[in-house]
Amino acid sequence: MTMSRLQLRTEGDTHVVVTRHFAASPEAVYRAHVEPELIQKWLLGPDGWTMPVCISEPRPAGRIRYEWTDGKGGGFHLTGEYLELVPFSRIVHVERMHLPDPTPDNHVESIFEATDSGTLLTLRMTLPDAETRTAMLATGMEDGMEASYARLESSLQG
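Described below are features of the structure shown in this document. The numbers attached to residues start from 1 for each chain and follow its sequence in the written order. Given that the model is predicted, a residue must reach a pLDDT of at least 70 before its local features are reported, and side-chain atom pairs must reach 80 or more before they are shown or counted; all residues, however, enter totals for whole chains, interfaces and linings. Only hydrogens and water are set aside when side-chain values are computed; all heavy atoms of the structure are taken into account.

## Here we look at unusual backbone geometry
Phase 1: Omega for the peptide link from leucine 99 to proline 100 comes to 5°, which places this bond in the cis form.
Phase 2: Secondary structure elements follow DSSP: runs of H or I no shorter than four residues count as helices, runs of E no shorter than two count as strands, and numbering proceeds from the N terminus. Relative to the elements of secondary structure, proline 100 occurs in the loop between β6 (90-98) and β7 (106-115).
Phase 3: Of note, alanine 61 is a non-glycine position whose phi angle comes to about 75°, a positive value.
Phase 4: Following the sequence through the fold, alanine 61 ends up in the loop between β3 (50-56) and β4 (63-69).
Phase 5: Exposure remark for alanine 61: the relative accessible area of 60% places this residue in the exposed category.
Phase 6: Phi at phenylalanine 88 is positive, roughly 70°, even though this residue is not glycine.
Phase 7: With respect to the helices and strands, the residue phenylalanine 88 is situated in the loop between β5 (75-86) and β6. Note on exposure labels: buried denotes an accessible area under 20% of the residue type's maximum, exposed denotes more than 50%, and partly exposed covers the range between, all computed with a 1.4 Å probe on protein chains only.

In structure tokens, the structure reads:
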């Protein structure tokens, strides 16, 4: 079976929509997005990075904090809050990257949809303005996301 690759498109001035298929159940893919011990295995970006701190409190108003390091003194972190969770089908949260200053809020809706061969994940990101979206896309986030999603796909199959 060939690996899926994420598809990224923009909508309007402030939205980014990412879709990717996983050969696993919606429950498994959802759990991998909210359980800290699972998140730390795959949400790492480029090879060589780790996430020594992973706080995920999957409930409305629950905290999110991820800290990444490259093991060479480099790193950054993300903070956020969960707004809504519908187990195994939908997560809505707000996140901001700290690079080191915080980026504007990114409102993210994640939909986990069952398919004949697994799960279609759709992330819809809403940013405050076109400039913020342009800056986010310029970070190379698409490649980092796919590297993490490929790692997730392998962990779900292994």
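## A word on the environment of leucine 38
Phase 1: Topologically, leucine 38 is positioned in helix α2 (residues 36-42).
Phase 2: If we skip the residues at most four places from it in the chain, leucine 38 touches Arg31 and Ala32. Two residues qualify as a contact provided that any one of their heavy atoms is within 4.5 Å of a heavy atom in the partner residue.

## Focus: the sheet that holds strand β1 (residues 7-11)
Phase 1: Whether two strands pair depends on DSSP finding at least two bridges between them. The sheet built from eight strands is open, its strands ordered β1-β2-β8-β7-β6-β5-β4-β3 with antiparallel pairing. Looking at which strands have only one partner, the edges of the open sheet turn out to be β1 and β3. Neighbouring strand axes in the sheet, compared pairwise and without regard to direction, differ in orientation by 20° on average.
Phase 2: Across six bridges, β6 lies against β7 in antiparallel orientation. Bridge assignment links isoleucine 91 to a residue of β7, and that residue is serine 110. Only the stretch in contact is used when fitting a helix axis, every axis being a line fitted to C-alpha atoms; angles between N-to-C directions are given from 0 to 180 degrees.

## A short note on helix α3 (residues 130-137)
Phase 1: Taken together, the buried positions of α3 are Thr132, Arg133 and Met136. Within α3, the buried residues cover an arc of 100° as seen down the axis, which keeps them to one side. Projecting away from the buried face of α3 at angles above 90 degrees are the exposed residues Glu131 and Thr134.
Phase 2: Along its buried surface, α3 packs onto β1, β2 (15-22), β7, β8 (118-126) and α4 (141-157).
Phase 3: The N-terminus of α3 is capped by aspartate 129, whose side-chain oxygen sits 3.3 Å from the backbone nitrogen of glutamate 131. Along the arc lie the directions from the helix axis toward the C-beta atoms. Pairs of N or O atoms within 3.5 Å make up the polar contacts considered here, provided that, within protein, one atom can donate a hydrogen while the other can accept it, and that residues adjacent in sequence are counted only when both atoms are side-chain atoms.

By themselves, these are just geometric observations and shouldn't be taken as functional.
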